[in-house]
Amino acid sequence: MLCLFVSGCQDKREYTETIVETGYKGPARVNPYLAAERFLKKGGWDARSSRVWGDYGTETSTIIMPGSFLSTKGIGMRVMEWVDEGGMLVVTLNGGEAEINDFRRRSWDNLAEEGEFRGLEHVLEELEITRETGSFEVIERGEDQKGGHLKESWNVAEVSIVDDEKEYDLELEFEGDLALSAPSGVEWDLPERSRMVTMPYGDGMVMVLSHARLLRNPYLARADHATFLELLADWHYEGPIVFLYGSGTSLKDLLWQHAWQVVVAGLVLLVVWLWMRIARFGPIKTDEDVHRAPYGEGLKASAKFLWRKKALGHLIRPLRAELECENTSDSGTLYEKMATEAEIPTEEVIEAFTSENFQDPGTVTRMVQKLQLLRKR
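Reading the values: rules and limits
Residues numbered from 1 in each chain as written. Predicted model: local features only at pLDDT ≥ 70, side-chain atom pairs only at ≥ 80, totals over all residues. Heavy atoms only, no water. Helix = DSSP H or I, 4+ residues; strand = E, 2+ residues; numbered from the N terminus. Buried < 20%, exposed > 50% of the residue type's maximum accessible area, 1.4 Å probe, protein only. Contact = heavy atoms within 4.5 Å. Areas by Shrake-Rupley, 256 points an atom, 1.4 Å probe, with all protein chains shown as cover. Core = buried A, V, L, I, M, F, W, Y, C linked by side-chain atoms within 4.5 Å. Salt bridge = Lys/Arg side-chain N within 4 Å of Asp/Glu carboxyl O. Patch = residues over 30% accessible without salt bridge, like charges linked within 9 Å, V, L, I, M, F, W, Y side chains within 5 Å. Lys, Arg positive; Asp, Glu negative; His and termini not counted. Charge placed at Lys NZ, Arg CZ, Asp CG, Glu CD. Axes fitted to C-alpha atoms, helices over the stretch in contact; angles between N-to-C directions. Left-handed = near helix turned anticlockwise from the far one by under 90°. Nonpolar A, V, L, I, M, F, W, Y, C, P; charged D, E, K, R; others polar. Pairing = 2+ DSSP bridges. Phe/Tyr/Trp six-rings, centres within 6.5 Å; stacked < 30°, edge-to-face > 60°. Lys NZ or Arg CZ within 6 Å of the ring centre and 35° of its normal. Arc of directions from axis to C-beta. Polar contact = N/O pair within 3.5 Å; in protein donor to acceptor, adjacent residues only side chain to side chain.

**Observations concerning the overall build of the protein chain**
Point 1. Regarding its fold elements, the protein chain presents 13 helices and 12 strands.
Point 2. Looking at the protein chain residue by residue over its 377 residues, the buried ones come to 39%.
Point 3. A separation of at least 24 residues holds for 66% of the contacts in the protein chain among residues at least 6 apart in sequence.
Point 4. As displayed, the protein chain has an accessible area near 23,700 Å², and 54% of this comes from carbon and sulfur atoms.

**Thoughts on the nonpolar core**
Point 1. Ranked by size, the top nonpolar core spans 30 residues in total, and within it Leu40, Met207, Leu209, Phe228 and Phe243 carry the most contacts.
Point 2. Listing elements by their share of this core, those giving two or more residues are helix H3 (34-42), strand S3 (88-92), strand S6 (152-163), strand S7 (166-174), strand S11 (204-209), helix H6 (225-235) and strand S12 (241-244).
Point 3. Among the elements that make up this core, the one with the highest residue count is H6 (5 residues).
Point 4. When residues no more than four places from it in sequence are discounted, the contact partners of Phe228 are Ile161, Leu170, Leu172, Met196, Met207 and Leu214.
Point 5. Membership of the second largest hydrophobic core comes to 29 residues, among which are Leu120, Leu124, Leu127 and Ile129.

**Comments concerning the pattern of salt bridges**
Point 1. One pass over the full model with this rule turns up 9 salt bridges.
Point 2. Glu37 is the partner of Lys41 in a salt bridge, and the nearest nitrogen-oxygen pair spans 3.2 Å. Within this pair, Lys41 and its partner Glu37 are both found in helix H3, separated by 4 residues, close to a single helical turn.
Point 3. Glu37 sits in the buried class, given a relative accessible area of 8%.
Point 4. For Glu173, the salt bridge is made with Arg222, and the minimal N-O distance between the two is 3.1 Å. Remark: Arg222 occurs in the loop between S11 and H6 and Glu173 occurs in strand S7; sequence separation between them is 49 residues. You'll find Glu173 and Arg222 in the same group, each marked buried.
Point 5. Through salt bridges with shared partners, a single network forms among Glu173, Glu175, Arg213 and Arg222.

**Description of a negative patch on the surface**
Point 1. Taken together, Glu81, Asp84, Glu85 and Asp203 make up a surface patch of like negative charges.
Point 2. When you line up the elements, Glu81 lands in helix H4 (residues 73-84).

**Details of the packing of H3 against H6**
Point 1. Running from N to C, H3 and H6 point in directions that differ by 65°, and their axes come no closer than 11 Å. In this structure, H3 meets H6 at a crossing whose hand is right-handed. Here H3 contributes Ala36, Phe39 and Leu40 to the contact with H6, which in turn contributes Ala226, Leu229, Glu230 and Ala233.
Point 2. Classifying every residue of the contact of H3 with H6 gives 6 nonpolar, no polar and 1 charged.

**Considerations on the pairing of S6**
Point 1. By the bridge criterion, 3 bridges tie strand S5 (residues 139-141) to S6 in an arrangement that is antiparallel. Across the sheet, residue Arg141 finds its bridge partner in S6, namely Glu152.
Point 2. The pairing of S6 with S7 spans 9 bridges and is classified as antiparallel. When the bridges of S7 are listed, Val162 appears paired with Glu167.

**Some details on the packing of aromatic side chains**
Point 1. Summed over all chains, the structure comprises 5 aromatic pairs.
Point 2. When the centroid spacing of 5.1 Å and the interplanar angle of 85° are considered together, the rings of Tyr24 and Phe103 count as edge-to-face. Of this pair, Tyr24 sits in the loop between helix H1 (2-8) and helix H2 (27-30) while Phe103 sits in the loop between S3 and helix H5 (118-127), and the two are 79 residues apart along the sequence.
Point 3. Taking the relative accessible area as the measure of exposure, Phe103 reaches 13% and is therefore buried.
Point 4. Taking the centre distance of 6.2 Å and the plane angle of 85° together, the rings of Trp53 and Trp82 count as edge-to-face. In this pair, Trp53 sits in the loop between strand S1 (47-50) and strand S2 (62-66) while Trp82 sits in helix H4, placing the two residues 29 residues apart along the sequence. There is no split in this pair, since Trp53 and Trp82 are both buried.
Point 5. Each member of the aromatic cluster is reached from another via a ring pair, and the members are Trp53, Tyr56 and Trp82.
Point 6. Seen from the ring of Phe136, Arg195 lies directly overhead, with NZ or CZ sitting 3.9 Å from the centre.
Point 7. The ring of Trp154 carries Arg222 above its face, with NZ or CZ at 4.6 Å from the centroid.

**What to know about helix H12 (residues 346-354)**
Point 1. Three or more residues of H12 are buried, namely Val349, Ala352 and Phe353. Along the axis of H12, the buried positions cluster into a sector of 95°, meaning they face one direction only.

**Side note on the side chain of His211**
Point 1. On the secondary structure map, His211 appears in the loop between S11 and H6.
Point 2. By relative accessible area, which is 4% here, His211 ends up buried.
Point 3. Within the local environment of His211, its side chain forms a polar contact with the backbone nitrogen of Arg213, the two atoms lying 3.1 Å apart.

Quick look at the structure:
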């Protein structure tokens, strides 16, 4: 009966193991364009990546960067000088930053808001590109989950590209409602408000994308993103293609984004420390806690202090002065009289009254003993 009971308690439910991706580790977590870089290398292009703007010249054909990289007007002017010399610049206004986690949808903030990055504003003004709000059909997938993983949403742009008399009809995924317009440029996904604009500048060219989704690691294999990347690489290919995944985010912004708990705790600790240390105004209250110590402890402390300061003469001179005040005769007669009354040699009495050797503890002890003996007699 027991065996039947135990066998009847067995769980007959079936379980399905599900893998939930939480993010990348290593180079793929740091560089959002690592897949695109390796894809181009495998296809024969010279592709590389960097966090900072290097000394790029005419040998570099294409540079792809997030809009937040153009944090100052100075770097914006430097980039446009490079474009004027014949380079091709690809700027993604949103979603191109390395600190964005592709698997935590709450982190997809629009980091390149209007007016925030002066270098980006300079580039858009030079190209006469304006940002608008578009209305696009949204595609959603997934369900709400714990841990910040929200359902994914995007919209599709249909782009037609002609290359070497061959036409490509591509579907590219974008996010958000940011649209672009340029009176003298090429807007690629008309008749809707465009999310991709190309403008000539000097001997070079600038392409502005409203979002970097189609170039990031998890989405390169989706839709026609890989084909678009190949066309983009061949568009102006004369040398290396560089992916810049750094940003103009300051140290303060990075600390607040990744360690705001530590920053808040530090500020609270600073306020408490200042509250404890800053002087308070008003009358000082008396200390009502009275601690009484034996008289001998004070003497011991004084003696230790005098010994540490090598000033033991202060312990001897009061005894000498007391004995000399009690006897008014001259020194020679006094010493002989004291020696006779105390029955000790005269030389020892003279040493006790005149010696200044206070460095030797033994000598000091003998002097005190002789003076105490003379005082008692």
